[in-house]
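Commentary on secondary and tertiary structure
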Amino acid sequence: MALIFPRIAQNFIKNGYFPTDVPTLDRICSALDIGGSAVRVADPCCGEGAALLHVCEHLQSCGAEVSSFGVDVDEERAWHAKTVLGTVAHADVHDVRITDRSMGLLFLNPPYGDLVGDKADTGDRKQGRERHEKVFCRRTFSLLHPGGVLVLTL
């Protein structure tokens, strides 16, 4: 069973935007219970902020005091996220300074694909290319404090 209609999925693909669907978010939230503690949550590729808002609302329903932080490279999506999340930066996550070990929950739905390199084509198109999601994860994993929760959608 498809979670998104193919025509709509193609529109998202064209914009490089792959939002996490509600059934997946519900399954993620069912595993989260932070209780009455304060928690800082971040989504460094937040899109319109809907996924992180869903998680924040769940954590608040569990009694947690939530502070949310998002980053998105697309201007329109970042401005929309600013209306639903606490703090949002319109930037590339690689250009944003965020304190290491400062987040209690890190929500990652990173971009995927091969990075474009400056090297000449050697015939083996995969040789020497690094995956975008690996670079993204290396940049963001350090934001999570010890004992924090990592939500990584693949």
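Nothing here was measured: the structure is a model prediction, and the numbers come from that model. (Residues numbered from 1 in each chain as written. Predicted model: local features only at pLDDT ≥ 70, side-chain atom pairs only at ≥ 80, totals over all residues. Heavy atoms only, no water.)

1. Side note on the pairing of strand β3 (residues 87-90)
Put simply, side chains in a regular strand alternate between the two faces of the sheet. Under the convention used in this document: Pairing between two strands requires that DSSP report at least two bridges joining them. For the purposes of this entry, the term helix denotes a DSSP run of H or I that reaches at least four residues, the term strand denotes a run of E that reaches at least two, and both are numbered from the N terminus. A clockwise path from the first strand over the helix to the second, with the strands pointing away from the viewer, defines a right-handed crossover.
Here four bridges tie strand β2 (residues 65-72) to β3, and the two strands are oriented parallel to one another. Its bridge partner being in β3, Phe69 is matched across the sheet by Thr87. Each parallel crossover has a hand, and for β2 linked through helix α4 (residues 75-81) to β3 it is right-handed.

2. Some thoughts on the pattern of salt bridges
The test is simple: Counted as salt bridges are all cases of a side-chain nitrogen of Lys or Arg within 4 Å of a carboxyl oxygen of Asp or Glu. Accessible area is worked out with a 1.4 Å probe on protein chains only. A residue is then buried under 20% of its type maximum, exposed over 50%, and partly exposed in between.
Inspection of every chain in the model, using the stated rule, returns one salt bridge. One salt bridge in this structure joins Arg77 and Asp72, with 3.4 Å as the shortest N-O distance. As far as burial versus exposure is concerned, Arg77 and Asp72 are alike and both buried.

3. Things to note about helix α2 (residues 22-30)
What counts here: Arc definition: directions from the helix axis to the C-beta atoms.
Listing the buried residues of α2 in full gives Thr24, Leu25, Ile28 and Cys29. For α2, the angular spread of buried residues about the axis comes to 135 degrees, placing them on one side. Facing away from the buried side of α2 by more than 90 degrees, the exposed set consists of Arg27 and Ser30.

4. Points about the side chain of Thr24
Here is the rule: Polar contacts, as used here, are pairs of N or O atoms within 3.5 Å; protein pairs need one atom able to donate a hydrogen and one able to accept it. Residues neighboring in sequence count only if both atoms are side-chain atoms.
Locating Thr24 in the fold gives a position in helix α2. Overall, the relative accessible area of 18% leaves Thr24 in the buried class. Among the polar contacts listed, one links the side chain of Thr24 to the side chain of Asp21, at a separation of 3.0 Å.

5. Overview of the packing of aromatic side chains
Quick reminder of the rule: Aromatic contacts are taken between Phe, Tyr and Trp rings whose centres are within 6.5 Å, Trp giving its six-membered ring; a plane angle under 30 degrees counts as stacked, one over 60 as edge-to-face, and the others as tilted. Put simply, a charge is over a ring when the Lys NZ or the Arg CZ is close to the ring centre, within 6 Å, and near the line of the ring normal, within 35 degrees.
For the coordinates displayed, the defined rule picks out zero aromatic pairs. Here Lys82 stacks its cationic end above the ring of Trp79, 3.9 Å away from the centre of that ring.

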